[in-house]
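Tertiary structure, described
These are the residues of each chain, in order.
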Amino acid sequence: MNATTQAAASNQKQDATISGGSSSGARAGSVGVALLGMGTVGAEVFRLLEENSNDFTHRIGGAVEIKGVAVSNMSKPRPGVPDELLTDDAHALINRDDVDVVVEVIGGIDYPRELVLAALKAGKSVVTANKALVAAHADELAAAADAADVDLYFEAAVAAAIPVVGMLRRSLAGDKIQRISGIVNGTTNFILDAMASTGASYDEALAEATRLGYAEADPTADVEGHDAASKAAIMASLGFHTRVKFEDVHCEGISAVTAKDIAAADQAGYVIKLLAICERLVAEDGSESVNARVHPTLVSKEHPLASVNESYNAIFVEAEAAGSLMFYGNGAGGNPTASAVLGDLVGAARNKVHGGRAPGENTYANLPLADFGEVTARYHIDMEVDDRAGMLAAVAQEFAKSGVSIRTVRQQDTGHTARLIVVTHSAQEKVLDATVHALSNVPGVKAVDSVIRLGA
Ligand code: NDP
Ligand code: HSE
């Protein structure tokens, strides 16, 4: 038997098993897919699925066939996509009898929510890359998937090709997660890196990130931290078995980060990164709560996260038994996202062919959500003050009054005024906030220009 006939025989054997063994209603040996969206991600999902269809058949144990592609603009050129597959009626496509799995890569919240719920209620498994949708409506979507006994996969929703969701849902399902922190937005990492390393302006760097397909259709979601906050909500929910929604995540973006901040960070031995931090907090009485937040953070140049550049993402997970784990890779862009979508599609298709379901979410722990004010951090505070005797003492006194311990102070002369750069020891957010407010009212303090948290 040559390789071709061997493969054909093996396919026949698999197909025979599939026809006899399918417990799910997928037509014998074939899984029908509705692809909703043909943009940056959808186009790559289509291409990779078509180019590697034989491999997918082997990996799944049955063929995957795209039955239709829903788009918004029917007259846009779609090279390589047969016209007969295209439709602007996503609902009709979802409800076709020959569609078993729906892949949602449209984006937004309300319309995809409608489509995904319709698909789940019709008994179709769903794969989505849509972090905004999952972070806002996970409870409702999970309930619909459970009620219909179908799968809801969303690996691409967090850091695209980096298998964060699968790691939290499966690999670390037997462990206790303490903290998840990392760079989960490629656009903002690209912008901060370009500003620091090439001197590009904020606008130039954002335009390039958009051209490369990293940024969301409306880049506000990226630069204001909303995209990272959605991802933080998903990671915290999975990691702590507690529902954390988008609106529960404290969120600060990078639009207020200036070239001056980046230069000050550089001089002090840091780089500025937008971090998502999900933390299990343990009170003195042992009671636990959860906090998720996104904000610009000063990361020491020695720390591995400092060298995560361009649009790359990296995620640290600290777990009780596993210890510290780090995941690094492509967190945005058509191909990396398509990789995660296709991994999910293989999982959903296998379950359709062979029976079984993907691990679902479990929010049994239902831990209370800690207020952001309770969180502790170290701070880098940059202020402009009068350059005169007693100024440093007046500033130090404000810190002392609120019990915030100063670690270092640097002074730079700028002419008539001076810049004081104070780095604190750990303090609670609410205490630091009150201190900054009080500092603004100290005679001689012209402005508190920036307050950036330290640490990864
Ligand atoms: P794009 O904006 O590039 O593509 C969106 C697609 O959806 C387009 O094909 C568009 O149609 C189609 N569409 C829009 N409205 C409708 C509608 N009413 N009915 C049918 N189709 C519609 O988005 P992306 O590919 O970048 O992102 C898709 C999803 O993947 C989002 O949820 C995003 O957050 C997520 N994601 C994206 C990543 C990335 O790097 N780009 C990374 C990780 C996740 P048309 O082509 O006709 O305009
Ligand atoms: N806009 C997102 C980013 C895409 O820049 O990371 C990946 O979710």
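If you're wondering where the values come from, they're calculated on a predicted model, not measured in any experiment.

Regarding the overall build of the protein chain
- Helix and strand counts for the protein chain come out as 15 helices and 17 strands.
- Relative to the compact-globule value of 23 Å for 456 residues, the protein chain shows a C-alpha radius of gyration of 25 Å, a close match.
- Over its C-alpha atoms, taken along the principal directions, the protein chain stretches across nearly 90 × 50 × 45 Å.
- Every one of the 456 residues in the protein chain was classed for burial, and the buried ones make up 51%.

Considering the side chain of Lys231
- Following the sequence through the fold, Lys231 ends up in helix α11 (residues 226–240).
- Given the relative accessible area of 4%, Lys231 is considered buried.
- Within the structure, the side chain of Lys231 is placed 2.7 Å from the backbone oxygen of Val184, a separation counted as a polar contact.
- The contacts of Lys231, once residues within four sequence positions are left out, are Lys131, Ala157, Val158, Ala159, Val184 and Asn185.

Observations regarding the site of ligand 2
- Residues in close proximity to ligand 2 include Lys131, Asn185, Gly186, Thr187, Tyr214, Ala215, Glu216, Asp222, Asp227, Lys231, Gly331 and Ala332, which together make up its full environment.
- Gly186 has a polar backbone atom sitting 2.6 Å from an oxygen atom of ligand 2.
- Counting residues per element, the ones that place at least two in the shell around ligand 2 are α8 (186–197) and α11.

Looking at α11
- With 15 residues, α11 should cover 21 Å at 1.5 Å per step; its first-to-last C-alpha distance of 21 Å lies within 8% of that length.
- Taking burial as the measure, the 15 residues of α11 include 14 buried ones, the bulk of the element.

Quick word on the environment of Asp371
- Its location among the elements puts Asp371 in the loop between α13 (334–354) and β13 (376–386).
- The spatial distance from the C-alpha of Asp371 to the C-alpha of Val249 is 9.7 Å, given a sequence separation of 122 residues.

Thoughts on unusual backbone geometry
- Unusually for a residue other than glycine, Ala159 sits at a positive phi of about 60°.
- Backbone geometry places Glu310, a non-glycine residue, at a positive phi of 50°.
- By the secondary structure assignment, Glu310 is in the loop between β10 (288–300) and β11 (312–319).
- A relative accessible area of 47% means that Glu310 is categorised as partly exposed.

With respect to the pairing of strand β14 (residues 406–413)
- As paired strands, β14 and strand β15 (residues 417–424) are joined by 7 bridges and run antiparallel to one another. Residue pairing for β15: Thr408 is matched across the bridge by Val423.
- Here β14 folds back onto β15, and the loop between the two strands holds 3 residues, one of which, Gly415, carries a positive phi near 115°.

Quick notes on the pattern of salt bridges
- Applying the stated rule across the entire model yields 25 salt bridges.
- Here Arg179 and Glu279 are joined by a salt bridge, their closest N and O atoms 3.1 Å apart. Here Arg179, found in strand β7 (residues 177–183), pairs with Glu279, found in strand β9 (residues 270–282); they are 100 residues apart in sequence, far enough to count as distant. Assigned by exposure class, Arg179 and Glu279 land together as buried.

Notes on the environment of Ala389
- Looking at the secondary structure, you find Ala389 in the loop between β13 and α14 (391–402).
- Classification of Ala389 as exposed rests on a relative accessible area of 72%.
- C-alpha of Ala389 to C-alpha of Leu141: the two residues are 248 residues apart in sequence and 62 Å apart in space.

A few points about the sheet that holds strand β6 (residues 152–153)
- The strand order β3-β2-β1-β4-β5-β6 describes an open sheet built from 6 strands, whose pairing is parallel. With one partner strand each, in any of the chains shown, β3 (86–87) and β6 form the two edges of the open sheet.
- Two elements, strand β5 (residues 125–128) and β6, share 2 bridges in a ladder whose sense is parallel. Across the sheet, the residue bridging to Val126 is Leu152, located in β6.

Quick word on the nonpolar core
- Formed by 76 residues in total, the largest nonpolar core has its most connected members in Leu36, Val164, Met235 and Ile315.
- Considering each element in turn, this core owes the most residues, 9 residues, to α11.

Focus: the UniProt feature "binding site: NADP(+)" (unreviewed entry) in the protein chain
- Per the UniProt record, "binding site: NADP(+)" (unreviewed entry) is found at Leu36, Gly37, Met38, Gly39, Thr40, Val41, Gly42 and Ala43.
- Structurally, the position occupied by Met38 is in the loop between β1 (30–36) and α2 (40–51).
- On the basis of relative accessibility, which here comes to 12%, the residue Met38 falls in the buried class.
- Once you skip the residues sitting within four places of it in the chain, Met38 turns out to touch Ala43, Phe46, Val69, Ala70, Val71, Arg78 and Val81.
- Judged by relative accessible area, Gly39 falls into the partly exposed class, the value being 39%.

Definitions and cut-offs
Residues numbered from 1 in each chain as written. Chains lettered and ligands numbered in written order. Predicted model: local features only at pLDDT ≥ 70, side-chain atom pairs only at ≥ 80, totals over all residues. Heavy atoms only, no water. Helix = DSSP H or I, 4+ residues; strand = E, 2+ residues; numbered from the N terminus. Rg over C-alpha atoms; globule rule 2.2 N^0.38 Å. Buried < 20%, exposed > 50% of the residue type's maximum accessible area, 1.4 Å probe, protein only. Polar contact = N/O pair within 3.5 Å; in protein donor to acceptor, adjacent residues only side chain to side chain. Contact = heavy atoms within 4.5 Å. Near = heavy atom within 4 Å. Expected span 1.5 Å × (residues − 1). Pairing = 2+ DSSP bridges. Salt bridge = Lys/Arg side-chain N within 4 Å of Asp/Glu carboxyl O. Core = buried A, V, L, I, M, F, W, Y, C linked by side-chain atoms within 4.5 Å. UniProt positions renumbered as here; feature names shortened; annotations may be inferred.

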